[in-house]
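Chain by chain, the residues:
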Amino acid sequence: MTRRGWRKLGPGVAKFATLATFVVLLAFPFYWMLIATFKQNIDLYTVENNPFKFNLPPTLDHLKLLFFETRYVRWLGNTALVGVIVVIITLLLAVPAAYALARLTGRWGQRMGIAIFLTYLIPPTLLFIPLSRVVAVLGLQDTIWSVVLVYPSFTIPFSIWLLMGFFKSIPKELEDAAMVDGLTRFGAFVKMVIPISTSGILTVVIFTFTLVTQEFVYALTFISPESQQMVGVGIPIFLVRGDVYFWGSLMAACLITSVPIALLYNTFLDRFIAGFTVGAVK
Amino acid sequence: MAVENRRLGFAMFFPAAAYIVLLIGGPLILAVMYAFSDARIGNPGYHYVGLENFRSILQSPSFRAALRNSVVFTVVAQIVVIVCSTMLSIALEKPFRGRKFTRFLILLPWVAPISLGAIGWKWILDSIYSVITWVLIWLHVYKPYGAPMWLGEPKLAMASVILVHCWRLIPFSTVIMLAGLTAIPKDIPEAASIDGAGFWRILFRINIPMMAPIISVAVLFGTIFTFTDMTVVYILTAGGPFDSTQTLPSLAFATGIQGSDLAAGAAMSLFLIPVLVLIAYFMLRAAHRAEVT
């Protein structure tokens, strides 16, 4: 082929090769979870067997074990409950705060907004030691209420940051008109701003919920009984008995838990990214 | 009106601010206080011991290994992630059939809970049933039962931890860079193309330099996520073998929570702060620059 021909063909082939390689590398662990979920133990644990194919017929044993003989369903319930309560706390505190910073506080609000964003950068691994004492003193240790208390400390800052941007994009004239019609400022916020902000609020709901399902450090630190676990800790820590890993059920649990969360997160991803990159992309 | 607004603003902002101050500010101060005390779980009461904890942890080989690992893991992972996600974001930029689904597959490691992704890797890297081992034996790289244990040898375990961090971060950086790419004005590369510049030339002379600000944002977040993470290490290796994969957060957990030595654990985690402050500084500078232009 001529040099010119290579040059023309090069980019397309390079793109395809890049995409194919990365899709395989990045998605492989999930494909591997899927295979392990349906393989019989003898098949999984025979070193000579080709691990890419089913050497014995597929089985539902791992799923049965997971759903009927472990606390997996209970952990899902705990996580859902914590998720719902944390979402409510986050909305109650972050929605008004974001509106205040976007509209009512001027320059002072701008600075507070940045300060709030910076608190989001403070990681759980810096705070888990003192917080473990706070949780113990409050008597919340080993209950899901410990994480209900602590999770809003990282969901609120990012939610305020996301919603601030959202509220700023609403035309001011809308509230002004409502206030001319006799509503107070707060009345205009409740009756005009909140109803037209449902998509922003929904983003915060999804974001908060996925963060709750993804958290690991606090749940590991505060909660030890098996029955009180969140799903993110229960699966990797409590599906292991002593040194015995039930890989089939373990992988099934990872897959079944990850995929819905991933689908949900993926739908709203562009908005989260907008939150992360505010300022840098313009 | 303005005064009224300010009052209402304060009232609406106060509850959230109070929550954050009580649950982030308070514990932060408490962490510093613990670091200068001899507090242990089950031993309440506060005794100031000055720099004693810092002196003893700085002499501990585990701590030095953790400090070094934290820096090495973070730096190596960021370099790999920047290169890979720059390539990937450019490959993904233009629309093609199946782009949405491709993007979902690429994003899976980031959007799925990390503790579950890490346990998936633990199975892939298993000492006996690892698929990587099987493939290498099949390719005759190793004899049966002659392959190394991926998580059992210090160097390989370190590489595995870095690998999982990269696996998790590449999707995140890629979407951030995609957002940046779409913000690049299209007329500049188009004009260059009309002037006769080829794909690769436009890529290296125009697109990548113009992506610099967005790449820096991805790196700042990536640094925080790797440097402060303990989930990957805790699940894959729990810091072993022989502290070879221990990082600051995982050692702080092992010391402060599992070992009941709150004071030493708190002192270790304080070593995260200089890096966080540096990142915050660069983040603010990036935001400020964007505001000015």
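Residues numbered from 1 in each chain as written. Chains lettered and ligands numbered in written order. Predicted model: local features only at pLDDT ≥ 70, side-chain atom pairs only at ≥ 80, totals over all residues.

**Considering the overall build of chain A**
Counting secondary structure elements, chain A contains 14 helices and two strands. In terms of C-alpha radius of gyration, chain A reaches 24 Å, well past the compact-globule figure of 19 Å for 282 residues. Considered along the principal axes of its C-alpha atoms, chain A spans approximately 75 × 75 × 35 Å. Once local pairs closer than 6 in sequence are excluded, the contacts in chain A between residues at least 24 apart make up 75%. (Helix = DSSP H or I, 4+ residues; strand = E, 2+ residues; numbered from the N terminus. Rg over C-alpha atoms; globule rule 2.2 N^0.38 Å. Contact = placed C-beta atoms within 7 Å.)

**What to know about the overall build of chain B**
In terms of helices and strands, chain B carries 14 helices and zero strands. Reading the helices (α) and strands (β) of chain B from amino to carboxyl end gives α-α-α-α-α-α-α-α-α-α-α-α-α-α. For chain B, the proportion of its 293 residues judged to be buried stands at 45%. Taking contacts inside chain B between residues at least 6 apart in sequence as the whole, the part at least 24 apart equals 70%. (Buried ≥ 20, exposed ≤ 12 C-beta atoms within 10 Å, placed from the backbone.)

**A short note on the interface of chain A and chain B**
Across the contact, 77 residues belong to chain A and 79 residues belong to chain B. Here the residues of the side of chain A that touches chain B are counted per class, giving 57 nonpolar, 16 polar and four charged. (Nonpolar A, V, L, I, M, F, W, Y, C, P; charged D, E, K, R; others polar.)

**Regarding the environment of A112 of chain B**
All names here are of chain B. By the secondary structure assignment, A112 is in the loop between helix 4 (99-111) and helix 5 (114-124). On the neighbour-count criterion, A112 (27 C-beta atoms within 10 Å) is buried. In sequence terms A112 and I215 are 103 residues apart; their C-alpha atoms lie 23 Å from each other.

**Notes on unusual backbone geometry**
The backbone phi angle of Y145 of chain B is positive, close to 65 degrees, even though this residue is not glycine. By secondary structure assignment, the location of Y145 of chain B is in the loop between helix 6 (131-138) and helix 7 (154-183).

**Topic: the confidence of the model for chain A**
Overall, the prediction assigns chain A a mean pLDDT of 87, with 93% of residues at 70 or greater. Predicted confidence in chain A is weakest over strand 2 (residues 244-245) of chain A, with a mean pLDDT of 76, and strongest over helix 7 (residues 144-150) of chain A, with 96. (pLDDT = per-residue confidence, 0-100.)

**Section: the packing of helix 4 (residues 72-104) of chain A against helix 8 (residues 152-168) of chain A**
Residues and elements named next belong to chain A. Here helix 4 crosses helix 8 at 40 degrees, and the two axes come no closer than 8 Å. By the angle between their axes, helix 4 is oblique relative to helix 8. As helix 4 packs across helix 8, the resulting crossing turns out to be right-handed. Of the residues in helix 8, those in contact with V86, I89, T90, L93, A94, V95, A97, A98, Y99, L101, A102 and R103 of helix 4 are P152, T155, I156, S159, I160, L163, M164, F167 and K168. Per-class residue counts for the contact of helix 4 with helix 8 are 16 nonpolar, three polar and two charged. (Axes fitted to C-alpha atoms, helices over the stretch in contact; angles between N-to-C directions. Parallel < 35°, antiparallel > 145°, perpendicular 65-115°, else oblique. Left-handed = near helix turned anticlockwise from the far one by under 90°.)

**Here we look at helix 5 (residues 106-119) of chain A**
Given a rise of 1.5 Å per residue, 14 residues ought to cover 20 Å, and the 20 Å separating the end C-alpha atoms of helix 5 of chain A matches this to within 8%. In this structure, the buried residues of helix 5 of chain A make contact with helix 4 and helix 8 of chain A together with helix 1 (2-35) of chain B. (Expected span 1.5 Å × (residues − 1).)

**Overview of the packing of helix 8 (residues 187-194) of chain B against helix 9 (residues 199-210) of chain B**
All names here are of chain B. At a minimum axis separation of 10 Å, helix 8 and helix 9 run at an interaxial angle of 150 degrees. The angle between the axes of helix 8 and helix 9 places the two elements in the roughly antiparallel class. In this structure, helix 8 meets helix 9 at a crossing whose hand is right-handed. Listed contacts from helix 9 to I188, P189, A192 and S193 of helix 8 are I202, I206 and N207.

**Here's the deal with the nonpolar core**
Residues A94, A97, A98 and I160 of chain A together with A16 of chain B are the most contacted members of the largest nonpolar core, which totals 162 residues. Setting aside residues up to four positions removed in sequence, A94 of chain A forms contacts with I156, S159, I160, L163 and V204 of chain A together with A16 of chain B. (Core = buried A, V, L, I, M, F, W, Y, C linked by C-beta atoms within 7 Å.)

**Observations concerning the environment of N49 of chain A**
By secondary structure assignment, the location of N49 of chain A is in the loop between helix 2 (41-44) and helix 3 (61-69). If we skip the residues at most four places from it in the chain, N49 of chain A touches D43 and N55 of chain A.

**A look at the environment of G45 of chain B**
Residues and elements named next belong to chain B. The residue G45 is located in the loop between helix 1 and helix 2 (52-59) in this model. Residue G45 is classed as exposed on the basis of its C-beta count, with 7 C-beta atoms lying within 10 Å. Sequence separation between G45 and L178 is 133 residues, and the spatial gap between their C-alpha atoms is 53 Å.

**Here we look at the confidence of the model for chain B**
Counting all residues, the mean pLDDT for chain B is 89, and 98% of those residues have values of 70 or more. The complex prediction reports pTM at 0.90, with the ipTM value standing at 0.89.

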